[in-house]
Amino acid sequence: MVTMAVQVAGNAEVHIPLRINLQRVEARRKLRAFALAVPLLLFILITFIFPIARMMFDAVHDNTLLKLMPQTAAALSAWDGKDLPSEGAYAALAADLKHAWAQKTAGAIGKRINFELPGAASQVASSSREANALSTGPYKAALIEINPLWAQPEVWAVLKRGGSSYTPSYLLRSVDYQYGPDSQIVALPTDSAIFRDVFLRTFGISIGVTAITLLLGFPLAYLLATLPSRVSNLLMMLVVLPFWTSLLVRTTAWVVLLQSNGVVNDVLMTLHIISQPAELIFNRVGTIVAMTHIQLPLTLLPIYSVMKTISPNYVRAARSLGAGPFYGFWKVYFPQTIPGIAAGCLLTFILCLGYYLTPALVGGPSDQMIAYFIARYTNEELNWGMASALGAILLTATLLLYYVYNKLVGVDQLKMG
Amino acid sequence: MVTGALAAAGFAAGALLPPRPAFASEQLTIISWGGGYQDVQLRKSFFEPFTKATGIKITEDQWNGEVSKVRAMVQTNTVNWDVLDVGVGIGELCSHGLVETLNWNRLGLDRTKFLGDDKTLDCGVPHHASSTVIAYDRTKLKNGPKTIADFFDLQKFPGKRAMQKGPTSNLEWALVADGVLIKDVYKVLATPAGVDRAFKKLDTIKKDVIWWTAGTQPAQLLGNGQVVMSTAWSGSINNAVKESGLPLEIMWDAQMLSLDFWVIPKGARHLDEAYKFLAFGGSPKPQADMTRYGNNGPANKDAMALVDPTIGPNLTTSPAHMANSLEFDYSFWGDKRDELNQRFTAWVVQQ
Amino acid sequence: MAAFPYASPIEKGWRYLHRLICGMVILFLIGPILTVLPLSFNSIPFFAYPMQGFTLRWYQEFFLAERWQTGLHNSVFIAISVTLLSTILGTLAALGLSRPHFPCRAAVTSILISPMIVPVIITAVAVYFFYADVGLLNSYIGLILAHTTLATPFVVITVTATLIGFDHSLTRAAAGLGAPPITVFYKITLPLIFPGMISGALLAFLTSFDEVVVALFVAGPEQRTLPKVMFAGVREYLSPTIIAAATVLIVFSIAMLAAIELLRRRSERLRGIRNN
């Protein structure tokens, strides 16, 4: 009995650890597999995901006014926003402006206010200079005397909103809205409302380029998939070569070809198709031609790889059952290529949304896409809030499409060359 | 095999390490406007003689006068430019504290010898007077434009024209073409109605404008027939005629006259060397030498004595060219540039 | 197509039309490059045919002028560093990802591949803001790290591809026979993934070598790369030297492309995959 009991217990002892053991082995294998990917994962998280997340955060985070005008922000926290604020707020403003003059931060304050109240920058700078000479109050009359800007309720509304580190202003501006004088949200005046147009343009150009690459790419993919492999490999090299040629080189080529006295105009004029050089560059035509040239292989390749897997037997069967050549192609072959079409077009569309260089080099001002404005706000206007907000919108659109792509095609289907 | 390959690659990488000067302080990064202006005029008359005299090596780079680039460097504390060649942007750089305030005693130069107003001399040493003009191809336009109004006249001169992508000089000229007297231009432009008027005038030719950003582009656009006329820096047109023999002609009516300065961005790493360069760059000799390679008049009044008298009449500062010139207002643009830039950007991208 | 001997005349007509269309598409793809390259030998600096004469002057300028040579030098140095870094990181990750026990494979893969999908302008701007904070702007190390981020997805993808259909019982058998993990890696895994690693490395090299947007934002005058020099040229003054540089780069790309293709074939042979 005793031995039996021991045996049973012993069995149980062996039994349970085996399961746990297997789990442990499994866990260890998982861990070991994962450990291999950890260096790259960490690398990407630190040098890529984190900076992008921070940029997204910057789209709604701005503490310029809170940091540079702390006293005004504090004094305004109790202000109801109806009439001009009291003497206390003006005294705080004067103190902040004096401090700004000493620290040379008036430019930064002016720039921030100017974003919501165009024209204010130079007035803030001059007020700061003159406020420095004010020694005693009362400040309200004195500041309004220095510059009538400080008698405008709008500027006080901006300062009050500046008391919070978070602002939707940049995102609002990205879709052509802004705060009105009473802090309500209103549409931008038409002479500065540009972004809805820019987003529409970005989508329009992307759709156009995607459609053209499909129209041009589909017949060629079909030819490549049906030719004997020796010929098709050779042709494939021709397709892939531009794909691996520097983007700048290809864009340069188009600049040279499409200029007024470029090769294309020369040929067209020699053939008497046109009598005056056509305008082919620094406009929409140039942009779309150059982008199509760059994206064509990327649309074509996924279609081609799907076509390679389609057995010719289906069409043969359809033909032998009496289907005409076009009916057979349309009803039997074409539907099988749809996954490839979806993959190619989606990829091209996603990549088109972010185009910067090509439109910058071969387009005119009204052909610039959203990426151009992100660059411009980063480098030229130094309004990083706007750059971040526009970037956040572009990124969100891209990631949504990437998600769809993943669901539809699978990320592991991305192939090189 | 792999270790071998990696070692070989590592060795290659080591061998390919970019050359670094032994003494980081013995060099200077100077930024200018590119093209023949930088490659010939500045290099021959300023950079090479300076290096020869002091042994300080110069690294050159180019920019297109973007004040924001300097601001970005100062803001992010990554100032790696030591001396800038700046034109109309000096007003903004100076009033926003983005460049060093100069100590003229340390420079050893007499500031009264220089063209330019007192405020700009606080921040920069002027080295020449450049001018923005209208240029055209005389083989294509036999009867070229005579006034600024002609540039805006699509009936008289049909075809594309090129303009610098930005508000400066374009807004002034739009007003002149619209009938504002040259002496009143900045008075009118200071009012919102004046700005509207300038943009309205620009609207009339907008669809026929190709926008340039770099000073070498106008000659290129004219040379390959992309445009019939262009706003341009007279110096770069002069260089293009000299170098490639392009049949370009300059119309001097209402030339926008401005000075180009050497300035030191705030927080430059090689301040001592930068001061040495500014002292050299302000002296009469190199400024006079420069006129041998281009048509820019010197900004140091003493330099005129050293200029070849046969060159004199070609310079931007010659009396004939100055007859109806429009002098650039630095303080106006120092205050208004940001605002007008934004307005211009919104305007230019709308169809 | 040729399989239908009973093709009707209309069908034949369509077939010729199809071929014609394809010919024009190929012309569109390859024509611009082929038209432009000869102009780098044109004796005058204009971009029109017929050419006036033959000269090597622009190549001379490319290989002698300091601006181009510093650019080339910088680009090669940066691209080699990027290649080493991204090949190591990417290969390790691919080895992990292709093990059968990898947890959350889809999510991790999406993250690792994402630098290919996120618009490069966003990467450039985000990295620019980040570098401004940590002081990596205008440094070689900053540019190398940023390019490595863009290049690793290519390595991950190519190495993973060589591991598709990899028989894990091979490594298990070797381990069972007493080989230590290092030996297993060198003797079994490495020879199989080597072609993938090399083509990944070449792609990584090309990615960095061609990259201009990130370089425009984070590189200073000392790190001026070849694409940056070309970009300034296309924007400012279109000289035949740019076309000469382009020609050199294209010849280089063709060599790379041929190398990748040969390696791919070798890899398929090694793994016993037949081309159908």
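So, how was this worked out
Residues numbered from 1 in each chain as written. Chains lettered and ligands numbered in written order. Predicted model: local features only at pLDDT ≥ 70, side-chain atom pairs only at ≥ 80, totals over all residues. Domains from an automatic or database assignment. Contact = placed C-beta atoms within 7 Å. Helix = DSSP H or I, 4+ residues; strand = E, 2+ residues; numbered from the N terminus. Nonpolar A, V, L, I, M, F, W, Y, C, P; charged D, E, K, R; others polar. Buried ≥ 20, exposed ≤ 12 C-beta atoms within 10 Å, placed from the backbone. pLDDT = per-residue confidence, 0-100. Core = buried A, V, L, I, M, F, W, Y, C linked by C-beta atoms within 7 Å. Pairing = 2+ DSSP bridges.

Q: So what exactly am I meant to see when it comes to the domain arrangement of chain B here?
A: Many authors give the size of an interface as the accessible area that is lost as the parts come together. Residue and element names in this part refer to chain B. Domains assigned within chain B are domain 1 (4-129 + 258-314) and domain 2 (131-257 + 330-349). Tallying the contact residues gives 20 residues for domain 1 and 19 residues for domain 2. Of all the secondary structure elements, the ones that give two or more residues to the side of domain 1 that touches domain 2 are α2 (35-54), α4 (90-95) and α6 (118-121). Of all the elements, α4 adds the most residues to the side of domain 1 that touches domain 2, at five residues.

Q: Where do I start with the interface of chain C and chain A in this structure?
A: Counting residues at the interface gives 77 residues for chain C, matched by 76 residues for chain A. Those elements giving two or more residues to the side of chain C that touches chain A turn out to be α1 (9-36), α3 (66-97), α4 (105-117), α5 (120-134), α6 (140-163), α8 (181-210), α10 (226-236) and α11 (240-270) of chain C. For the side of chain C that touches chain A, the leading source of residues is α1 of chain C, giving 13 residues. Partitioning the side of chain C that touches chain A into residue classes produces 61 nonpolar, twelve polar and four charged.

Q: Any chance you could explain the interface of chain C and chain B here in plain terms?
A: Opposite the 20 residues of chain C that make contact, chain B presents 22 residues. Looking at the side of chain C that touches chain B, its residues break down into twelve nonpolar, five polar and three charged.

Q: Can you walk me through helix α5 (residues 106-116) of chain A in this structure?
A: Along an α-helix, residues three or four apart share an orientation, since each turn contains 3.6 residues. Counted residue by residue, α5 of chain A has ten buried out of eleven residues, so it is predominantly covered. Of all the residues in α5 of chain A, the buried ones are A106, G107, A108, I109, G110, K111, R112, I113, N114 and F115 of chain A. Those residues of α5 of chain A hidden inside the fold are in contact with α2 (64-68), α4 (87-103), α6 (120-131) and α8 (153-161) of chain A together with α16 (330-349) of chain B.

Q: Explain the environment of T132 of chain B to me, please; I cannot follow it from the model alone.
A: Secondary-structure assignment places T132 of chain B in strand β4 (residues 124-137). Among residues more than four places away in sequence, those in contact with T132 of chain B are S169, T231, W233, Q255 and M256 of chain B.

Q: Help me understand the confidence of the model for chain C, please; the structure alone is not making it clear to me.
A: Caution applies to low-pLDDT parts of the model: their predicted coordinates are not meant to be read in detail. All names here are of chain C. Looking at chain C, pLDDT values average 86 and 95% of them are 70 or higher. Confidence, expressed as mean pLDDT per element, reaches its minimum in chain C at α11 with 81 and its maximum at α3 with 94. In the predicted assembly, ipTM is 0.88 and pTM is 0.86.

Q: How should the nonpolar core be read in this particular structure?
A: Core analysis: the biggest nonpolar cluster contains 258 residues, and I374 of chain A, L93 and V263 of chain B together with I121, V125, V214 and V218 of chain C have the highest contact counts within it. With 13 residues, the single largest contributor to this core is α3 of chain C. If near-sequence neighbours (up to four positions away) are discounted, L93 of chain B is found in contact with V67, V70, V86, L98, V99, C123 and V263 of chain B. Within the second largest apolar cluster, 31 residues are counted, among which are A75, A89, A106 and W156 of chain A.

Q: How should the pairing of strand β8 (residues 248-263) of chain B be read in this particular structure?
A: Residue and element names in this part refer to chain B. With twelve of 16 residues buried, β8 is to be regarded as a mostly interior element. When strand β3 (residues 83-86) meets β8, the two strands line up antiparallel, connected through three bridges. Within β8, the position partnered with D85 by the bridge is W262. Examined bridge by bridge, β4 and β8 share twelve bridges and lie antiparallel to one another. Looking across to β8, one finds that V125 is bridged to W262.

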